[in-house]
Amino acid sequence: MTTRMEDSNVPVILVGAMTQHRVIGQGDTMPWDIPEEYQTFIDNIRGQTVIMGRKSYEVFGPDLTSAHAIVVSRGRPEVDVPVVDSIESALELARSYGLKIFVAGGSQIYDLALPYADWMFLSEIKKDYDGDKLFPEFDRSQWQIAREDEHAKFIYREWKRMD
Ligand SMILES: NC(=O)c1ccc[n+]([C@@H]2O[C@H](COP(=O)([O-])OP(=O)(O)OC[C@H]3O[C@@H](n4cnc5c(N)ncnc54)[C@H](OP(=O)(O)O)[C@@H]3O)[C@@H](O)[C@H]2O)c1
């Protein structure tokens, strides 16, 4: 039994970009550089709360436009934002801020957060790229597309979990 947003009125949104084959990264970085896509991410998280795995925060932390960031780690990384040791603790802290909660990767943290997600804001990169970090598989019959925008290099979709 998971606790999802309906319970607290604060939506949990997985946000990210992936290829048709669910590739989100190669090593510590993303295998593409698509500024227009990155801008949609930056615009979505502006003024909200972002949860990230320690590895992704080390790369993307400086870019974040969110009001709050929370890092998930089993250790004690030296970062200037709160660090918690589970996705459940991250969500609990994030809820206390009362803003939208964006879970922004990477692969390990998407896996942990998917059961709690109410929405997924996902860009599908049109070109195929190799990579070793994947977005989790999800059952598409449980999700409906609430919004879809076609761009030159990607398709942006907002997926809503069906009740
Ligand atoms: N395409 C996109 O939208 C997008 C977005 C974000 C990231 N990415 C890509 O994703 C890749 C990074 O993903 P990743 O999976 O390697 O790393 P990650 O999810 O960013 O971070 C992994 C770290 O999270 C912590 N962690 C994982 N499971 C945990 C648990 N159960 N409890 C407590 N802490 C836990 C650990 O930190 P400690 O080691 O400190 O214990 C672990 O090393 C990169 O390639 C990046 O470019 C892509």
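Residues numbered from 1 in each chain as written. Predicted model: local features only at pLDDT ≥ 70, side-chain atom pairs only at ≥ 80, totals over all residues. Heavy atoms only, no water.

When you go through the chain residue by residue, the secondary structure sums to four helices and 10 strands. Listing each helix as α and each strand as β along the chain from the N terminus yields β-β-α-β-α-β-β-α-β-α-β-β-β-β. Taking 163 residues into account, the globule formula puts the C-alpha radius of gyration at 15 Å, and the chain, at 15 Å, falls close to it. Viewed in the frame of its principal axes, the chain has a C-alpha envelope of about 40 × 35 × 25 Å. Out of the 163 residues in the chain, the part that is buried amounts to 47%. Long-range contacts, defined here as pairs at least 24 residues apart, represent 63% of the contacts in the chain between residues at least 6 apart. Total accessible area on the chain is roughly 8,700 Å²; 46% of this is exposed by carbon and sulfur atoms. (Helix = DSSP H or I, 4+ residues; strand = E, 2+ residues; numbered from the N terminus. Rg over C-alpha atoms; globule rule 2.2 N^0.38 Å. Buried < 20%, exposed > 50% of the residue type's maximum accessible area, 1.4 Å probe, protein only. Contact = heavy atoms within 4.5 Å. Areas by Shrake-Rupley, 256 points an atom, 1.4 Å probe, with all protein chains shown as cover.)

The environment of the ligand is formed by 29 residues, the closest being Ala17, Gly27, Arg54, Ser56 and Ser73. In this structure, an oxygen atom belonging to the ligand sits 3.2 Å away from a main-chain N or O atom of threonine 29. Here glutamine 108 contributes a backbone N or O atom positioned 2.8 Å from an oxygen atom of the ligand. Mapped onto the shell around the ligand, the elements with two or more residues apiece are β1 (12-19), β2 (23-25), α2 (54-60) and α4 (107-113). (Near = heavy atom within 4 Å. Polar contact = N/O pair within 3.5 Å; in protein donor to acceptor, adjacent residues only side chain to side chain.)

This part is about the side chain of serine 73. Following the sequence through the fold, serine 73 ends up in the loop between β4 (68-72) and β5 (83-84). A polar contact is formed between the side chain of serine 73 and the backbone nitrogen of glycine 75, at a distance of 2.8 Å. Filtering out sequence-adjacent residues up to four positions away, serine 73 remains in contact with Arg54, Val83, Val84 and Asp85.

Before going further, it helps to spend a moment on helix α3 (residues 87-97). Every buried residue of α3 is accounted for by Ile87, Ala90, Leu91 and Ala94. What you see down the axis of α3 is that its buried residues fit within an arc of 95 degrees, all on one side. The outward face of α3, more than 90 degrees from its buried face, is lined by the exposed residues Glu92 and Ser96. Looking at the buried residues of α3, the elements they touch are β1, β3 (49-53), β4, β5, β6 (101-103) and α4. Glycine 98 sits one or two positions beyond α3 and adopts a positive phi of about 75 degrees. (Arc of directions from axis to C-beta.)

Counted according to the given criterion, the structure contains 10 aromatic pairs. Here the aromatic rings of tryptophan 119 and phenylalanine 121 are separated by 6.0 Å at their centres, their planes lie at 75 degrees, and the arrangement is edge-to-face. Phenylalanine 121 gets classed as buried once you look at its relative accessible area, which sits at 9%. Centre to centre, the rings of phenylalanine 121 and tyrosine 156 are 6.3 Å apart; their planes meet at 70 degrees, and the pair counts as edge-to-face. Highlighted residues: phenylalanine 121 in strand β7 (residues 119-125) and tyrosine 156 in strand β10 (residues 154-161), separated in sequence by 35 residues. Residue class for tyrosine 156 comes out buried when judged on its relative accessible area of 5%. Ring pairing ties together the aromatic residues Tyr110, Phe135, Phe138, Trp143 and Trp159, which thus form one cluster. (Phe/Tyr/Trp six-rings, centres within 6.5 Å; stacked < 30°, edge-to-face > 60°.)

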